[in-house]
Amino acid sequence: MKVIRNILDGMKPHVQKGGKFHKFHAMYDAAETLFFVPNKVTYKGAHIRDAVDLKRNMFMVVIALVPALLFGMWNTGYQYHLSIGQSASLFDNFLHGFLAVLPIIIVSYVVGLGIEIIFAQMRGHEVNEGYFVTGVLIPLIIPVDTPLWMVALAVIFAVIIGKEVFGGTGMNIFNPALVARAFLFFAYPSQMSGDKIWIDGLTQGQGIVDGFSGATPLAKLAAGEPGSVLSAYDMFMGWIPGSIGETSTLAILIGALFLLFTGVASWRVMLSVFVGGAAMGLLMNAFAVNTYMEIPFYYHFLMGGFAFGAVFMATDPVTASQTATGKIIYGFLIGVMAVLIRVLNPAYPEGMMLAILLLNTFAPLIDYYVIGANVSKRLKRVKA
Amino acid sequence: MSEMFSKKNLKLLTNPLGDDNPITVQVLGVCSALAVTVKLEPAIVMGLSVTIVTAFANVIISALRNTIPSRIRIIVQLVVIAALVILVDQILKAYAYDVSKQLSVFVGLIITNCILMGRLEAFALGNKPWPSFLDGIGNGAGYGMILIIIAALREITGSGTLTLPGLGELRIIPLSFYDMGYANNGLMILPPMALITVGLIIWFQRSRSKHLQESN
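Just so we're clear, the structure is a prediction, and the values are computed from it rather than from any experiment.

*Asks:* Tell me about the overall build of chain A, and please be specific about residues and values.
*Replies:* Each helix and strand in chain A was counted, giving 17 helices and zero strands. Out of the 384 residues in chain A, the part that is buried amounts to 46%.

*Asks:* Could you give me a rundown of the overall build of chain B, with the residues and numbers involved?
*Replies:* For chain B, the count of helices and strands is 10 helices and two strands. Relative to its length of 216 residues, chain B is compact, with a C-alpha radius of gyration of 19 Å against a globular reference of 17 Å. Based on the C-alpha atoms only, the size of chain B along its principal axes is roughly 65 × 50 × 35 Å. Considering chain B as a whole, with its 216 residues, one finds that 38% of them fall into the buried category. Restricting to contacts in chain B with at least 6 residues of sequence separation, those with at least 24 account for 77%.

*Asks:* Provide a residue-level description of unusual backbone geometry, including the pertinent values.
*Replies:* The backbone of B:V27 sits at a positive phi, close to 50 degrees, despite the residue not being glycine. Note that B:V27 resides in the loop between α1 (7–14) and α2 (30–35).

*Asks:* Describe the interface of chain A and chain B, listing the residues and the values that go with them.
*Replies:* At the interface, eight residues of chain A touch seven residues of chain B. Secondary structure elements with two or more residues in the side of chain A that touches chain B: α7 (176–187) and α8 (189–192) of chain A. Broken down by element, the side of chain A that touches chain B gets its largest block of residues, three residues, from α7(A). Here the side of chain A that touches chain B is built from residues that sort into seven nonpolar, one polar and no charged.

*Asks:* I'd love a proper account of the domain arrangement of chain A, names of residues and values included.
*Replies:* Residue and element names in this part refer to chain A. Split into domains, chain A comes out as domain 1 (2–35) and domain 2 (54–374). Its C-alpha centre places domain 1 at a distance of 36 Å from the equivalent point of domain 2. Counting residues at the interface gives six residues for domain 1 and six residues for domain 2.

*Asks:* Please give an account of the pairing of strand β2 (residues 168–171) of chain B that cites residues and values.
*Replies:* Residues and elements named next belong to chain B. As defined by bridge partners, strand β1 (residues 161–164) adjoins β2 across four bridges and the pair is classed as antiparallel. Within β2, the position partnered with T163 by the bridge is E169. Taking the residues that link successive antiparallel strands as the turn, the β1-β2 hairpin has three residues, and the phi of G166 there is positive, at about 85 degrees.

*Asks:* Run through the nonpolar core, naming residues and quoting values.
*Replies:* Ranked by internal contacts, the top residues of the largest apolar core, which has 146 residues, are A:A180, A:F183, A:L184, A:I334, A:I356, B:V53 and B:A57. When residues in this core are grouped by element, the largest group, 13 residues, is from helix α3 (residues 40–64) of chain B. Non-local contacts of B:V53, meaning those with residues more than four positions away in its chain, are made with B:I81, B:L84, B:V85, B:V88, B:I110 and B:L116.

*Asks:* Describe in detail helix α4 (residues 73–95) of chain B, supporting the description with residues and values.
*Replies:* Over its 23 residues, α4(B) extends 33 Å from the first C-alpha to the last, a length consistent with the 33 Å expected when each residue adds 1.5 Å. Restricting attention to buried positions, one finds in α4(B) the residues B:Q77, B:V80, B:I81, B:L84, B:V85, B:V88 and B:L92.

*Asks:* So what about the packing of helix α3 (residues 54–83) of chain A against helix α4 (residues 90–123) of chain A? Which residues, and what values?
*Replies:* Residues and elements named next belong to chain A. Across the interface, α3 lies against α4 with an axial gap of 6 Å and an inter-helix angle of 105 degrees. With respect to their mutual orientation, α3 and α4 come out roughly perpendicular. Of the residues in α4, those touching α3 at G72, M73, W74, N75, T76, G77, Y78, Y80 and H81 are D92, N93, F94, L95, H96, G97, F98, A100 and V101. Classifying every residue of the contact of α3 with α4 by side-chain character gives nine nonpolar, eight polar and one charged.

Calculation rules
Residues numbered from 1 in each chain as written. Chains lettered and ligands numbered in written order. Predicted model: local features only at pLDDT ≥ 70, side-chain atom pairs only at ≥ 80, totals over all residues. Helix = DSSP H or I, 4+ residues; strand = E, 2+ residues; numbered from the N terminus. Buried ≥ 20, exposed ≤ 12 C-beta atoms within 10 Å, placed from the backbone. Rg over C-alpha atoms; globule rule 2.2 N^0.38 Å. Contact = placed C-beta atoms within 7 Å. Nonpolar A, V, L, I, M, F, W, Y, C, P; charged D, E, K, R; others polar. Domains from an automatic or database assignment. Pairing = 2+ DSSP bridges. Core = buried A, V, L, I, M, F, W, Y, C linked by C-beta atoms within 7 Å. Expected span 1.5 Å × (residues − 1). Axes fitted to C-alpha atoms, helices over the stretch in contact; angles between N-to-C directions. Parallel < 35°, antiparallel > 145°, perpendicular 65-115°, else oblique.

What follows is the structure, given as structure tokens:
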């Protein structure tokens, strides 16, 4: 730590006002606050400052994402070797996946942070920490075969239209990572659905062995393929095709426990998303007319991005409802909408993204009515 | 002649192209700007149609302005606009049938285009026919200009082509790009992206002309 402090102190005179490299002060601030707690003192207003600031908070989420990320890398290699009919060791699988996923992560961070720094410089504030999480979320929710230039374009769109136009981190209405995915989904539909894109190399015409299918469980169910329901155990462990980080419910669960233990994510949102999904799943069972509607409700948690969305996307503190009651309503409706879109709309095999974006829009409205209800309840108490 | 094109009158023509643009500053006529800008050709035709209708509706209303009772002025304005729109629609159907089919109801909906009523109410009712004519041409051109910018952006990124009247579809992005992995952006063809494009143009314009920014 001492070494880093010395390097930073050595650079400081050059980036301060009047220094040669004052233009780059935003980058310097970003690096300094990344390693050290800022020593700024408040002179008026609130005086409470916690060492666990936004930057540290965000890093907890990044740590929570590590299991899903590592598993996603392994699974990418595993699915690849499965598709070409070879079996490979754990390390080979991981290495292949690592090399396939790493460029996407690098592109996401370089492009996203680049834009953040430009905006920070132009608007004269420090580089926002929000992108640390978004930068790793975006690679985890897209198919591994997405071309890098599309990733870059989606990141540009998400950071500028999804976040900066609203005023930057903390002001955005929509979750930027989901904006990036929605952009890709609507702009390049052929790259975001089908049975080829989920496996590394398939779209470039790699050979497939007989009997291998790269379709996700959701796509199979939506197509109504006979015998299409995978075993719950496979889906829970996550060795199935899907977006990079979403397949393993187990890895996501580890991340969820970490988030709940550190108190970073709201348990209300997380729990109520699952309750909402279960309620809708049971309702579907009651009126089942096809295989998709008949599947047990907990299958919805294991397939696609439901668990990932519930744990890492719906709990985004910026775009979720702020009140305690509001969080429950918000989460519940996300679960309901996700299952509803999945099962009843054949055009969208996955409903989690659209459900969360939809409820992001309604989050302030939910808060408005929750607060209103509280005010009128307390007013009644005064009158009585 | 010099009086007809005095500085004040020329301003009527040029202001709507810049700091008084009907779409980006007055925020009128946005709905049709989203609907007809998937391809360039319909956008150009739509811009021309609106320019003609606005100009002549302005002249007619301005000439009648002292005889219209103010209570029924909206109805009189609508009759004038509707007559002009029907004329334009018939001409398009006769001489540019394909474009008229692409524009479908949107030519008819020029009647409800907010720019027309806006200009009649705000300008033609209080000014002489000649300045009213220039104002109509200017606002129509300002509208058409934004339409053409949006349509060009959307068609190049969404379809990789540009459709010009008389020339047909021109390929802008070479087919060899597609072989290398380039793909058309499907979102650009959907209306939401047109709205975002309008927003980006407004952002660009306001960051250049600071006096347009509201102070808050």
